[in-house]
Amino acid sequence: MLATLSALLALGSPAITIETATGGKMAPLAERGQKATVCFFVLAECPICRKYSPEINRVVDEYTKKKIAFVLVHEDEKISLVDVRKHQSEFSLRIPTGVDRSHALARYARATAVPTVAVFDPAGKLLYTGRIDD
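Residues numbered from 1 in each chain as written. Predicted model: local features only at pLDDT ≥ 70, side-chain atom pairs only at ≥ 80, totals over all residues. Heavy atoms only, no water.

Draft legend 1. Local environment of the environment of Phe91. Positionally, Phe91 belongs in the loop between helix 4 (81-90) and strand 5 (97-99). C-alpha separation for the pair Phe91 and Asn57, spaced 34 residues apart in sequence, amounts to 9.2 Å. Once residues within four sequence positions are removed from consideration, Phe91 is found in contact with Arg50, Ser53 and Asn57. (Helix = DSSP H or I, 4+ residues; strand = E, 2+ residues; numbered from the N terminus. Contact = heavy atoms within 4.5 Å.)

In structure tokens, the structure reads:
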């Protein structure tokens, strides 16, 4: 497994897709002309993740205009899409949202806890993984 992850990181961004809040698919690391992509890894029921919702909104509002793309990534593979949309609505999250059911994106981002943020360059190379407020 570690050798496979190392190989993926050496090659750049793999074609990782996650399920959207509406049941479609998105490729969060696909280049769309952004300067960077930021993924927030969360669990809907985690009190610490919930506490960070206003900060996530603030960061999204401030940096979207600077051509930074954002994705909120739920790491509970069993969460229903209804609950994903409820979480979005309850916390007024203004960010594309998906579910990483296979945890492929979390593994690629080296996200081992929630909440975690990962920053990728336009080619999908991992630049940072860590706390949201570091």
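Draft legend 2. Geometry of the sheet that holds strand 4 (residues 68-74). Taken together, seven strands build an open sheet; the order of strands is 2-1-5-4-3-6-7 and the sheet is mixed. Across the chains shown, the open sheet's two edge strands, defined by having one partner strand only, are strand 2 (25-26) and strand 7 (126-130). Taken together, the three bridges between strand 4 and strand 5 define a ladder with parallel strand orientation. Within strand 5, the position partnered with His74 by the bridge is Val99. Packed on one face of the sheet, helix 3 (residues 53-64) meets strand 3 (36-42) and strand 4 and runs near 155° to strand 4. Across the sheet, helix 4 is in contact with strand 1 (18-20), strand 4 and strand 5; its angle to strand 5 comes to roughly 150°. (Pairing = 2+ DSSP bridges. Axes fitted to C-alpha atoms, helices over the stretch in contact; angles between N-to-C directions.)

Draft legend 3. Up close: the pattern of salt bridges. Overall, the coordinates contain seven salt bridges when judged by the stated rule. Ionic pairing is found between Arg50 and Glu45, a salt bridge with its closest N-O pair at 3.6 Å. Since its relative accessible area comes to 23%, Arg50 is described here as partly exposed. A relative accessible area of 65% places Glu45 in the exposed class. Here the salt bridges do not stand alone but share partners, grouping Glu45, Arg50 and Glu90 into one network. (Salt bridge = Lys/Arg side-chain N within 4 Å of Asp/Glu carboxyl O. Buried < 20%, exposed > 50% of the residue type's maximum accessible area, 1.4 Å probe, protein only.)

Draft legend 4. Up close: helix 3. For helix 3, spanning twelve residues, the distance from its first C-alpha to its last is 16 Å, which sits close to the expected 16 Å at 1.5 Å a residue. Taken residue by residue, helix 3 has Ser53, Ile56, Asn57, Val59 and Val60 as its buried positions. Each buried residue of helix 3 sits inside an arc of 165° when the element is viewed along its axis, so together they form one side. Contacts from the buried residues of helix 3 go to strand 3, helix 2 (47-51) and strand 4. (Expected span 1.5 Å × (residues − 1). Arc of directions from axis to C-beta.)

Draft legend 5. Inspection of the packing of aromatic side chains at higher detail. All chains considered together, the criterion is met by two aromatic pairs. Taken together, a centroid distance of 6.1 Å and an interplanar angle of 10° make the contact between Phe40 and Phe70 stacked. Taken together, the residues Phe40 in strand 3 and Phe70 in strand 4 connect sequence positions 30 residues apart. Note on Phe70: relative accessible area 6%, which makes it buried. Centre to centre, the rings of Tyr108 and Phe120 are 5.8 Å apart; their planes meet at 5°, and the pair counts as stacked. Within this pair, whereas Tyr108 is found in helix 5 (residues 104-109), its partner Phe120 is found in strand 6 (residues 116-120), the two being separated by twelve residues in sequence. For the pair formed by Tyr108 and Phe120, the shared burial category is buried. (Phe/Tyr/Trp six-rings, centres within 6.5 Å; stacked < 30°, edge-to-face > 60°.)

Draft legend 6. View of the environment of Pro115. With respect to the helices and strands, the residue Pro115 is situated in the loop between helix 5 and strand 6. Through-space distance from the C-alpha of Pro115 to that of Arg131 is 7.0 Å; in sequence the pair is 16 residues apart. When neighbours within four sequence positions are excluded, Pro115 is seen to be in contact with Phe41, Ile48, Cys49, Tyr52 and Ile132.

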